[in-house]
Every structure is written in C-alpha cells, then in structure tokens.
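# Tertiary structure, described
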Amino acid sequence: MTVDDRSHAPLVTRARGRAYGVATQPFRVVTKDGVRLSGDRLGDGPVALVVCHGFTGWHRKPRMVRLQEALVPWFTIYAFDFRGHGASGGRSAFGAVEELDVEAVVRLARRDGFEQVATLGGSMGGIAAIRHAALCGGVDAVVAASTPATWQGHATRAVRRFTWFTSRRPGQVALGAIGVRVVRVWEGAEAPIEVVGRIAPTPLILVHGRNDHFFDEDQAWALFRAAGEPKRLLLSSRFGHAEDGYDPAFAVRIAGEIRRALSGDAGARGGS
C-alpha cells in the first residue's frame, strides 16, 4: 500500500482536548515506516493497556480521556493519536496500515518493562488492534469494539457519509479543518475477517452494540466465527458505536474481561 506524507510532517495540536485529572507522562514514538506518533502514559498498574481511538478521534477526546482514567485502577494506560490525527504526523489509512502505529506503542510498553500488554480499540482502532495482533503479534490480549469484519458492503447512512467525506476533496478539506489528514490513494489491505483467525491463541474479546449505526451486528458475529479460541463476544442493546458506549460501567466490565483473559480464564465461547 502507498501511504504518502508519512515521515516528518509538522505535528498538529488538536484543539479543545480534555485535560487529564490524573498525572500523565507524554511520549513520542516513531513507527517502522517513519511516522511520528504522540501520546500520553497514565496510571501505574501491573499490565500495560494500549488504547486505540477511532477515525476522527484523538486520545484526548473527552470520552476517550474518561475511559482511560476509568481504567487506571487496573492498568497503565498508553493512549496515543493514530497517524493523520491530532498531534501525530502522517496520514490516516483508515486502519489499513495502522497496525504499525499499535506496534510502535506496544514496543514502547515492552521497553518500559511490562510483561503483559493488552490492546483495546474501537472502530478503526479495533481494526488496527485486530490486524496488529494477527500480523505483528506480541500482545497478551485484544479487545476490539464496534469493529467491521469487511471493508466494503456496509449500507448504513453513517458509512455512506464517511465514504463521501474521505473520498472527495471537499470532504477531505473539511476533515483537515478538524485535524484529520487522510491518504490520497487508498489501496486496501486484508480485511479484519481475513486475518482474525491468526490471533489465536491470544485471547480475543469482541464488543458490539446491537444499535450500532455504522456496522451491523452481523459484522461482529462474522469476526467471532472466523476467530480461533479463546474468544468472547459481548453484545449490548444500548452500546451504540465505539466511544458512544465508553462509560464507567463499560470500563469496569472490560477491565474484568481483560484480567480474566490474562489469567487464562477466557470465559464463554459464545456471545453474552
């Protein structure tokens, strides 16, 4: 895949980012293909959790900050801006190469001495987390929320709107105004459903809202069926899409799921 403007683009500071209510340590990493990423580390838990935002998100978006802070009692959080977002360089490829971003942050956590590292991603972040675990490996558990199984075939209004904004110049200009820069040519990559089976035996936790306005519930079931054991599918009638469902109850639930997965208790084989 050709990804342009990837090397040393000036960093863009995202306006109106939420300030953390806990102590943080900023970090910078560089991906294997030369993209500079910016993030924050918070907490001092025994397990590192790399938190991956969705498209048009950034790690200091208010709901992302609240989620990260809610997870601090159990983890050390590594939160960052994906390429083409916020304070990181490069251009977004919608998850097609963002596994390199996840890999750079996972490597940082390993260098910091963590023996257990998990990833948590929503929407585009979920694509990146799945592709990273499948193609790069090196993590101990994966959580993917609101993640499509395929690149194409989504008939929802939200996806049609997304396609317009990302494929047409006026939409790309509008995205640039909010700090999002996308590739000019998207050549695709393996879809999540094509690689998810390679994650096993690393535990995989899939989360999806039955009221997701981007991707139908069938997408979650397709991923679940294609994945190897251990795996778990969590469905909710009132979750929405990705950060829509990132409330304190979700943080407690997902922290418990990750901890059980890391302890070797992968849980049920079906949905719940």
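This write-up is about the structure you can find in this document. (Residues numbered from 1 in each chain as written. Predicted model: local features only at pLDDT ≥ 70, side-chain atom pairs only at ≥ 80, totals over all residues. Heavy atoms only, no water.)

### Focus: the nonpolar core
- Judged by nonpolar contacts, the single largest core of 48 residues is most densely connected at Val-50, Tyr-78, Phe-80, Ile-130 and Leu-206.
- Setting aside its immediate chain neighbours within four residues, Val-50 contacts Tyr-78, Phe-80, Val-105, Val-106, Val-117, Ala-118, Thr-119 and Leu-120.
- Among the nonpolar cores identified, the runner-up in size contains 31 residues, and Met-64, Val-72, Ala-145 and Ala-255 belong to it. (Core = buried A, V, L, I, M, F, W, Y, C linked by side-chain atoms within 4.5 Å. Buried < 20%, exposed > 50% of the residue type's maximum accessible area, 1.4 Å probe, protein only. Contact = heavy atoms within 4.5 Å.)

### Some words on the side chain of His-85
- With respect to the secondary-structure elements, His-85 resides in the loop between β4 (75–80) and α2 (99–111).
- Look at His-85 and you get buried, because its relative accessible area is 0%.
- At a separation of 3.0 Å, a polar atom in the side chain of His-85 contacts the main-chain amide nitrogen of Thr-56. (Helix = DSSP H or I, 4+ residues; strand = E, 2+ residues; numbered from the N terminus. Polar contact = N/O pair within 3.5 Å; in protein donor to acceptor, adjacent residues only side chain to side chain.)

### Here we look at the packing of α2 against helix α3 (residues 124–135)
- At a closest axis distance of 8 Å, the pairing of α2 and α3 adopts a crossing angle of 70°. Considering the angle they form, α2 stands roughly perpendicular to α3. Where α2 abuts α3, its residues Glu-99, Val-102, Glu-103 and Val-106 lie against Ala-128, Arg-131, His-132 and Leu-135.
- Of the residues that constitute the contact of α2 with α3, the class distribution is four nonpolar, one polar and three charged. (Axes fitted to C-alpha atoms, helices over the stretch in contact; angles between N-to-C directions. Parallel < 35°, antiparallel > 145°, perpendicular 65-115°, else oblique. Nonpolar A, V, L, I, M, F, W, Y, C, P; charged D, E, K, R; others polar.)

### Re the sheet that holds strand β8 (residues 231–236)
- Taken in spatial order, the eight strands line up as β1-β2-β4-β3-β5-β6-β7-β8 in an open sheet, and their pairing is mixed. Looking at strand neighbours, the two that pair on one side only are β1 (24–30) and β8, the edges of this open sheet. Pairs of neighbouring strands in the sheet enclose a mean axial angle of 20°, with direction left out of account.
- Two strands pair when backbone bridges link them, and strand β7 (residues 204–209) and β8 are joined in this way by six bridges, in the parallel orientation. Within β8, the position partnered with His-208 by the bridge is Leu-235.
- Against the sheet, α3 engages β3 (47–52), β5 (117–122), β6 (141–145) and β7, with an angle of about 145° to β5. (Pairing = 2+ DSSP bridges.)

No statement about biological role is implied by the geometric values presented.
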